[in-house]
Amino acid sequence: MSKYDPLWTHVGAQDADSLVLSFDQIEAVLGFPIDHSFLNFKKELLPLGWSVAKISLKAQTVTFTRQQ
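Cut-offs and rules
Residues numbered from 1 in each chain as written. Predicted model: local features only at pLDDT ≥ 70, side-chain atom pairs only at ≥ 80, totals over all residues. Heavy atoms only, no water. Helix = DSSP H or I, 4+ residues; strand = E, 2+ residues; numbered from the N terminus. Rg over C-alpha atoms; globule rule 2.2 N^0.38 Å. Buried < 20%, exposed > 50% of the residue type's maximum accessible area, 1.4 Å probe, protein only. Contact = heavy atoms within 4.5 Å. Areas by Shrake-Rupley, 256 points an atom, 1.4 Å probe, with all protein chains shown as cover. Core = buried A, V, L, I, M, F, W, Y, C linked by side-chain atoms within 4.5 Å.

*Asks:* Help me out: how do you make sense of the overall build of the protein in this one?
*Replies:* The secondary structure content of the protein amounts to three helices and three strands. The N-to-C order of helical and strand elements in the protein reads α-β-α-α-β-β. In summary, the protein has a C-alpha radius of gyration of 11 Å against a globular reference of 11 Å for 68 residues, a match within 12%. Judged by the C-alpha coordinates and their principal axes, the protein covers about 30 × 30 × 20 Å. In the protein, buried positions account for 32% of the 68 residues. When contacts within the protein are restricted to residue pairs at least 6 apart in sequence, long-range pairs at least 24 apart make up 61% of them. With an accessible surface of roughly 4400 Å², the protein has 55% of that area assigned to carbon and sulfur atoms.

*Asks:* Could you clarify how one ought to interpret the nonpolar core in this entry?
*Replies:* Nonpolar side chains tend toward joint burial in soluble globular proteins. Core analysis: the biggest nonpolar cluster contains 16 residues, and Leu7, Val11, Ile26, Phe38 and Phe64 have the highest contact counts within it. Elements represented by at least two residues in this core include exactly helix H1 (5-12), strand E1 (18-22), helix H2 (23-30), strand E2 (50-56) and strand E3 (61-66).

Shown next, in the form of structure tokens:
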């Protein structure tokens, strides 16, 4: 079990082909601030049919896309 499972569940429940979440929204889902370890855990989304397409530090957003 990963500390990011609540986020993966949230992303996986979306009907859209892409999803943009702010860092604040992600932290609200998780209940803790995201940090650089997020980069190591993002590969856990692949078996769920999603991936992290873009992380914008300037806009403080993460773009998720459904894999076709």
